[in-house]
Every structure is written in structure tokens, then in C-alpha cells.
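The primary structure of each chain is shown beneath.
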Amino acid sequence: MAVQLQRPPVAEACIVLCCLACGLSVPDPRLREALIQLETSMQTGGQMVLTDAEQRLDTVMLKMKRAEMTKAEFPPAMHFFQARHLIRTSPIFSLLQKMPKGAALHVHDFSMVDVEWVVKNATYRPHCYMCYTDSQSIRFIFSSQWPKRLQYCSPWTLLENLRAKTVNITDLDNSIMRKLTLFTDQDPEVEYPSQDAVWRRFEQTFLAVWGLVTYAPVFRDYYYEGLTRFHMDNVMYLELRALLPEVYELDGSTYDTAWTLKTYQDITRQFTAEHPDFFGARIIFTVHRGLNASVMTGVVEKAMKLHRDFPDIMAGFDLVGREDSGNPLWYFRDALSLPAKKGAPLPFFFHAGETDLEGTEVDQNLLDALLLNTSRIGHGFALLRHPVARDLSRKREVAVEVCPISNQVLKLVKDLRNHPAAALMLENHPIVISSDDPALFGASGLSYDFYEAFVGFGGIKSHVGSMKQLAINSFRYSSLTPDQQVKALALWQKRWMKFVSENDFKKEENIYFSP
């Protein structure tokens with residue numbers, strides 16, 4: 001038997017609002033309760049109909065959340081680097097790991113897999129060279145011959161030889177890992193005192209890992225491992241923002257962009273054939289927003305061709321890199337208008353509003369993204385400061401891809417209870433939850449970000465219906481065709497019902513919460 005969350009009927013809601021508009025002098029308890037229920041019904045998942053088992057699970061998760069919120073150290077109020085160990089031991093997190101979370105729609109190509117796998121797997125392969133840069137970062141290359149020295153780097157060292165001469169290999173590996181991630185055991189506020197500081201390190205980590213993951217054998221294994229990590233975290237579908245780089249072989253020969261996209265397609269098909277409960281993945285081709293306008297024209301033309309040649313795997317196009325220091329969308333308006341002018345559809349999935357610099361040219365990216373008919377908005381942190389963009393986003397159902405941990409680590413917000421998405425969830429604005437660059441933040445998959453959304457954004461008000469709605473949203477606002485969405489949701493529904501039945505606390509509730 002399905003149980004519907006209590007909410008006032010439309011007629012009753014109208015009566016409540018009319019009474020409030022008239023300004024009643026004596027507060028009526030019945031109207032107060034109706035008003036509370038009206039607000040509850042408006043939030044993400046507020047209209048969700050829950051089964052008896054879902055209601056029981058919701059009751060237990062509410063008790064878990066209340067217990068979490070009374071602790072002296074409340075993870076959403078802390079920097080993720082300091083809260084991670086607390087989240088890992090949370091019973092809520094354990095449940096969210098098991099929960100089928102639907103799709104991850106905002107993830108970047110070379111931050112899918114934790115750095116331990118990269119170091120233990122990629123750097124232990126033969127012919128791997130490393131050098132240290134002037135900026136205290138590292139670079140890698142695989143080569144059959146000794147590589148030519150880079151201007152800004154120390155002489156290349158063959159890692160196989162370095163490890164043979166190193167007394168403590170574990171310390172060496174750990175020092176390499178630290179160069180490939182933002183995560184630190186030190187005070188993150190001291191380690192990264194400003195947005196400029198954290199972004200400099202952020203960009204260096206991508207450059208550091210580049211030579212490893214663009215080596216053809218590693219490239220294939222890395223992507224397969226990335227799909228594995230998300231699948232293990234009960235993510236069923238992925239939309240990956242990928243730079244589609246020239247991938248190279250040991251002899252220095254390289255493959256073009258089409259080869260890279262075709263390789264993504266082949267590995268995705270292999271993975272889904274081997275994992276029938278995984279629905280697949282698609283690629284959003286990305287380029288850095290630091291390009292000039294004339295170069296962007298050629299890139300957009302290439303994107304149009306790739307989308308035409310690889311319709312199954314390529315979802316669309318986006319610009320990446322720090323918004324505050326990169327060119328705004330309006331700068332590229334001529335290039336980005338080409339698909340519409342030529343009648344060649346190229347869906348856009350623009351990063352926009354990943355900034356706290358109100359009133360700047362970059363701050364207009366949200367409006368420009370909507371003007372350019374973006375399918376979704378990446379981050380959209382500044383959306384609350386743009387009422388017109390917010391209204392357009394809602395009316396046109398352009399979902400915001402919210403990445404809680406990323407926004408906190410990159411210093412847009414300290415306490416995730418104050419994240420703008422908390423307000424968006426209260427009004428059921430179209431949003432999805434994603435993880436952006438989990439490997440660089442010391443996270444994995446999607447569960448950590450779902451935890452922050454459930455416990456931090458929602459507070460006491462969010463419930464199982466909220467998480468269920470977010471999972472459904474992830475398919476609804478994906479680039480999948482309507483028929484594919486129906487199939488994906490049917491597959492997800494089976495897994496959801498299995499999750500709820502396996503975590504039905506009808507009998508165990510007293511065990512978890514007995515005095």
C-alpha cells in the first residue's frame with residue numbers, strides 16, 4: 001500500500017494564502033499547520049508518494065539525522081577534508097552508499113579514480129618517467145627512449161630506477177600522491193588561504209596527472225576503472241566532461257580526437273555488456289575557456305562534426321576552467337551561435353555561475369548560458385543572485401548541476417548548510433547532485449556529495465522522498481532520449497525497490513535506537 005506524504009490540497013492551500021493576504025489578526029493553529037504542510041509539499045520530493053517500507057526507512061533516517069545534528073562536530077559545517085573521516089563512519093553515509101543514486105551528470109574525465117590507484121597502477125608500469133617542475137609540481141611521460149628535458153622541469157627520472165634506489169618506497173609513493181590531489185591532512189584553511197591559491201593547486205594537479213592518463217594503455221584502464229568506481233557506488237549512468245586529448249603511445253605517436261571519443265564509446269559498451277545493471281555513459285566534449293574567439297570557432301565546428309559522427313556517445317559541448325579568470329561566454333557568442341545558424345544541433349551544458357564575484361562580466365554567464373540555450377547549468381552557485389536566470393531556469397526546466405564538496409573545497413562556501421542549493425531544494429527547483437572532481441578532493445563516486453545534500457542542504461526537512469526525487473531528476477535532466485530515460489528509470493526503480501526492501505527497518509528499528 002502506498003502512503004502519500006501529507007500535504008494540503010490545492011483548494012486548502014489557496015484558502016491559506018488568501019487568509020494570509022487578508023492579514024488575520026488572531027493566528028489560527030489549523031492555518032499554521034496547513035501553511036507548514038504547504039511549504040513541505042513545495043520542496044524537492046515534497047509531492048513524492050512513499051510506500052510503507054519507504055516511510056519506515058524515512059523514519060529511521062530522520063532519527064539518524066537528528067543524532068548526527070546533535071554532535072559537536074557536524075560534518076556539513078566543517079571543511080570536507082576535516083569531515084571526511086566523520087562522514088565515513090556515519091550510518092547515514094553507509095545507507096547512501098547502498099542507495100541507487102541514479103546518474104552523475106557533472107564529472108570530469110581525469111578526476112574519476114583515486115590517486116592511490118593512479119600511483120600504484122600507472123606509475124609502476126615500465127618506461128614511466130617523472131620530473132619536478134619549478135612550481136613544485138610534477139610531470140610524467142611514458143617513452144621508449146629517454147625523453148627530451150622540459151624547460152620548466154628537472155631532468156627526467158625513470159621511476160623504476162628511482163624506486164630501486166629508494167629506501168622507503170612508501171614515502172616516495174605518498175609524496176607523489178600528494179601532488180595529484182588537493183586533499184591534505186593539514187589545516188585546509190592554512191594550506192589554501194584564498195581562491196587563487198586553491199585554484200593554482202587545482203590546475204597543477206590536472207597538469208601533473210596529464211602525462212599518465214593520456215598514455216594509451218593507461219587511458220583505457222583509467223576510464224574502465226572510473227566506470228567501475230561509480231558503478232560500485234551504485235551510480236547507474238554517467239555523463240563525463242572530457243577534453244578528448246591526443247592520446248599517445250610509447251613511441252610518441254598520437255591519436256586524434258575522433259580516436260579518443262571512439263575509445264570512450266568502445267570501453268563504455270564493453271563495461272555495460274559486462275555490467276547489465278549499468279545503463280551507460282556519454283561524453284560532453286570540453287575545451288578550456290582561456291582560448292581566443294577565433295580558435296573557439298574551429299573547436300565548435302569540430303564539436304558539431306563529432307556530435308554528428310558519434311551521436312550515441314557524444315552528448316554535447318562545454319567550456320571548462322576557472323570562470324573568474326577565463327573568458328566569459330559572451331566573448332565566444334559568435335562561435336557558440338554557429339550550431340543554431342547552421343542548423344546542426346549541438347547541445348550545450350555550460351559551466352555558469354561558479355563564482356561569488358557579483359556584478360562582474362563573468363557573473364553574467366548564467367544569463368548568457370540560458371540565452372545560448374544550455375541544456376543544464378554546471379554549478380550555478382550564483383543563481384540566487386540572478387532572479388531572472390532563476391525564473392528562466394525553472395520555467396524551461398534547465399537543471400542546475402550542484403556539486404557541494406567542490407564548491408566548498410574551491411572556497412565558494414564554508415558551511416554547506418548555507419549553500420544556495422539549500423534554498424533551491426526548498427522550492428523544488430530543477431537540480432541534480434554530482435561530484436565534479438571526486439579524486440582530487442579525496443572522495444569517490446557520488447555518495448559523499450549525496451550525504452552533504454541530504455544532511456547539509458536539507459536539514460531536518462529533507463527525507464527519503466528528497467533523495468528519491470534527486471535520483472529521478474538525474475535521469476529526467478540527462479541527455480538520454482525520452483525512450484532511454486523510461487528504460488533507465490525502470491532499471492533504477494527495480495534497484496530502488498530492492499534497496500528499500502533490504503533496508504526495511506521494521507524489525508531492526510529498536511536495535512538501532514534502543515536505549
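Quick caveat: nothing in here was measured; it's all calculated off a predicted structure.

Visitor: Just to check I follow, could you spell out the nonpolar core for this structure?
Guide: The nonpolar side chains of a soluble globular protein tend to be buried, and buried together. Core analysis: the biggest nonpolar cluster contains 144 residues, and Leu180 and Phe317 have the highest contact counts within it. Leave out the neighbours within four places in its chain, and Phe317 touches Ile284, Phe285, Val287, Met296, Val299, Val300, Ala303, Leu336, Leu346, Pro347, Phe348 and Phe349. Within the second largest apolar cluster, five residues are counted, among which are Cys131, Cys153, Trp156 and Leu158.

Visitor: Mind showing me how you'd approach the sheet that holds strand β6 (residues 157–158) here?
Guide: Strands belonging to one sheet form pairs held by backbone hydrogen bonds; the direction of such a pair is parallel or antiparallel. If you walk across this open sheet you meet the three strands as β5-β4-β6, and the pairing is antiparallel. A single partner strand is all that each edge strand has here, and the edge strands are β5 (138–142) and β6. Both strand β4 (residues 128–132) and β6 contribute to a ladder of two bridges, which runs antiparallel. Within β6, the position partnered with Tyr129 by the bridge is Leu158. Its contacts with the sheet place helix α10 (residues 195–213) against β4 and β5, and it is angled at close to 15 degrees to β5.

Visitor: What should I look at first to understand the layout of surface pockets in this one?
Guide: Gaps left between atoms are located by rolling a probe of water-molecule size over the structure's atoms. By volume, the largest pocket is sized at about 730 Å³. Lining the largest pocket we find 30 residues, and of these Val115, Met177, Arg178, Thr181 and Phe183 sit closest to its centre. Of all elements in the fold, only α4 (80–88), α6 (115–122), α8 (169–179) and α10 reach the threshold of two or more residues within the lining of the largest pocket. Residue classes in the lining of the largest pocket are distributed as eight nonpolar, twelve polar and ten charged.

Visitor: So what exactly am I meant to see when it comes to the state of the cysteines here?
Guide: As used here, a disulfide is simply a covalent bond connecting the sulfur atoms of two cysteines. Across all of its chains, the model carries one disulfide by this definition. Here Cys131 engages in a disulfide with Cys153; their sulfurs sit 1.9 Å apart. Note on the Cys131 and Cys153 pair: the S-S dihedral is about 85 degrees, so by sign convention the disulfide is right-handed. Placement of Cys131 in strand β4 and of Cys153 in the loop between β5 and β6 is noted, with a sequence separation of 22 residues between them.

Visitor: I would appreciate a short explanation of the pattern of salt bridges in the present structure.
Guide: As enumerated under the stated definition, the model contains 28 salt bridges in all. Note that Asp28 and Arg30 form a salt bridge whose closest N and O atoms lie 3.3 Å from each other. You can call Asp28 partly exposed: its relative accessible area is 24%. Arg163 is the partner of Asp173 in a salt bridge, and the nearest nitrogen-oxygen pair spans 3.0 Å. Of this pair, Asp173 sits in helix α8 while Arg163 is found in helix α7 (residues 159–165), placing the two residues ten residues apart along the sequence. Comparing Asp173 with Arg163 shows no difference in burial state: the two are buried. Ionic contacts of the salt-bridge type, sharing partners, join the residues Glu239, Arg241, Asp318, Arg376 and Glu401 into one network.

Visitor: Looking at this structure, I do not really get the sheet that holds strand β8 (residues 280–288). What am I missing?
Guide: Ordered in space as β3-β7-β8-β9, the four strands form an open sheet in which the pairing is parallel. The open sheet is flanked by β3 (102–108) and β9 (314–320), the only strands paired with a single partner. Geometrically, the sheet is characterised by an average inter-axis angle of 25 degrees between neighbouring strands, direction not taken into account. Judged from the six bridges that link them, strand β7 (residues 235–242) and β8 form a sheet pairing that is parallel. Within the sheet, the bridge partner assigned to Tyr237 lies in β8 and is Gly280. Running at roughly 160 degrees to β9, helix α13 (residues 293–309) makes contact with β8 and β9 of the sheet.

Visitor: When you look at α10 in this model, what are you seeing that I'm missing?
Guide: Given 3.6 residues per turn, any residue in an α-helix points the same way as the ones three and four places further on. Along its 19 residues, α10 runs 27 Å from first to last C-alpha, staying within 8% of the 27 Å computed at 1.5 Å per residue. Within the span of α10, buried status applies to Gln195, Ala197, Val198, Trp199, Phe202, Thr205, Ala208, Val209, Gly211, Leu212 and Val213.

Visitor: Is there a simple way to think about the packing of aromatic side chains in this case?
Guide: In this description, an aromatic ring pair is defined by two values, namely the gap between the centres and the angle between the planes. Inspection of every chain in the model, using the stated rule, returns 25 aromatic pairs. Pairing Phe110 with Phe219 gives two aromatic rings, centres 6.5 Å apart and planes at 80 degrees, and the pair type is edge-to-face. Residue Phe110 is found in the loop between β3 and α6, and its partner Phe219 is found in helix α11 (residues 216–232); the two are separated by 109 residues along the sequence. The pair Phe110 / Phe219 is uniform in exposure class, with both members buried. Centroid distance Phe142 to Tyr215: 4.1 Å. Interplanar angle 15 degrees. Geometry classified as stacked. A residue pair is termed long-range when its members are at least 10 positions apart, and Phe142 in strand β5 and Tyr215 in the loop between α10 and α11 qualify at 73 residues. For the residue pair Phe142 and Tyr215, the accessibility class agrees, reading buried in each case. Through a chain of ring-to-ring contacts, the aromatic side chains of Phe110, Trp117, Trp210, Phe219, Tyr222, Tyr223, Tyr255, Trp259 and Tyr264 assemble into a single cluster. A cation over a ring is seen here: Arg84 above Phe183, with NZ or CZ 3.9 Å from the ring centre.

Quick notes on the rules
Residues numbered from 1 in each chain as written. Predicted model: local features only at pLDDT ≥ 70, side-chain atom pairs only at ≥ 80, totals over all residues. Heavy atoms only, no water. Core = buried A, V, L, I, M, F, W, Y, C linked by side-chain atoms within 4.5 Å. Buried < 20%, exposed > 50% of the residue type's maximum accessible area, 1.4 Å probe, protein only. Contact = heavy atoms within 4.5 Å. Pairing = 2+ DSSP bridges. Helix = DSSP H or I, 4+ residues; strand = E, 2+ residues; numbered from the N terminus. Axes fitted to C-alpha atoms, helices over the stretch in contact; angles between N-to-C directions. 1 Å grid on protein atoms, 1.4 Å probe; cavity = no way out; pocket = protein on both sides within 12 Å on 5 of 7 lines; lining within 4 Å. Points joined across faces, edges and corners; volume = space filled by probe spheres on them. Nonpolar A, V, L, I, M, F, W, Y, C, P; charged D, E, K, R; others polar. Disulfide = S-S within 2.5 Å. Salt bridge = Lys/Arg side-chain N within 4 Å of Asp/Glu carboxyl O. Expected span 1.5 Å × (residues − 1). Phe/Tyr/Trp six-rings, centres within 6.5 Å; stacked < 30°, edge-to-face > 60°. Lys NZ or Arg CZ within 6 Å of the ring centre and 35° of its normal.

These figures come from the coordinates and say nothing about function on their own.
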